[in-house]
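Listed here are the chains, written in short residue letters.
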Amino acid sequence: MFYLLLQTWIWILAAGLLGLFFGWLIWGRRNPADRRAAVDVNRLLRELAACRSRCKELEAASPGPAGSGSGSAPDRLPGG
């Protein structure tokens, strides 16, 4: 009985080590450009959030509501 348990655990250990090796091959050797792209996306999302908050601050500080007709013609967008 002990021999059967030992033999089973050897195969389980071998399968686990083989899985770790192939996992390392797949995930550990990804293209460094992919990692940089993920970092760039995170940086751009932070910049976007900062720009949106700045835009809200500027809209809150403006004297009147946008599109109320008080703005001059160059301030308006074409077609709108």
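Below is a short write-up of the structure. (Residues numbered from 1 in each chain as written. Predicted model: local features only at pLDDT ≥ 70, side-chain atom pairs only at ≥ 80, totals over all residues. Heavy atoms only, no water.)

## Quick look at the overall build of the protein chain
Stage number 1. When its secondary structure is counted, the protein chain shows 2 helices and 0 strands.
Stage number 2. Burial statistics for the protein chain: of 80 residues in total, 0% are counted as buried.
Stage number 3. Of the roughly 7,600 Å² that the protein chain leaves accessible, carbon and sulfur atoms contribute 68%. (Helix = DSSP H or I, 4+ residues; strand = E, 2+ residues; numbered from the N terminus. Buried < 20%, exposed > 50% of the residue type's maximum accessible area, 1.4 Å probe, protein only. Areas by Shrake-Rupley, 256 points an atom, 1.4 Å probe, with all protein chains shown as cover.)

## Description of the packing of aromatic side chains
Given two aromatic rings, one states the distance between the centres and the angle between the planes to describe the pair.
Stage number 1. Inspection of every chain in the model, using the stated rule, returns 2 aromatic pairs.
Stage number 2. Between Phe21 and Phe22, the ring centres sit 5.6 Å apart and the planes meet at 65°, which makes this aromatic pair edge-to-face.
Stage number 3. Overall, the relative accessible area of 44% leaves Phe21 in the partly exposed class.
Stage number 4. Classification of Phe22 by relative accessible area gives partly exposed; the value is 44%.
Stage number 5. Taken together, a centroid distance of 6.3 Å and an interplanar angle of 35° make the contact between Phe21 and Trp24 tilted. With Phe21 and Trp24 both in helix α1 (residues 2-27) and 3 residues apart, the pair spans about one turn of that helix.
Stage number 6. A connected cluster of aromatic rings, assembled from ring pairs, spans Phe21, Phe22 and Trp24. (Phe/Tyr/Trp six-rings, centres within 6.5 Å; stacked < 30°, edge-to-face > 60°.)

## Re the state of the cysteines
Stage number 1. All chains considered together, the criterion is met by 0 disulfides.
Stage number 2. You can see Cys51 has no disulfide; the closest cysteine sulfur is in Cys55, sitting 8.9 Å from it.
Stage number 3. Relative accessible area serves as the criterion here: at 52%, Cys51 is assigned to the exposed category. (Disulfide = S-S within 2.5 Å.)

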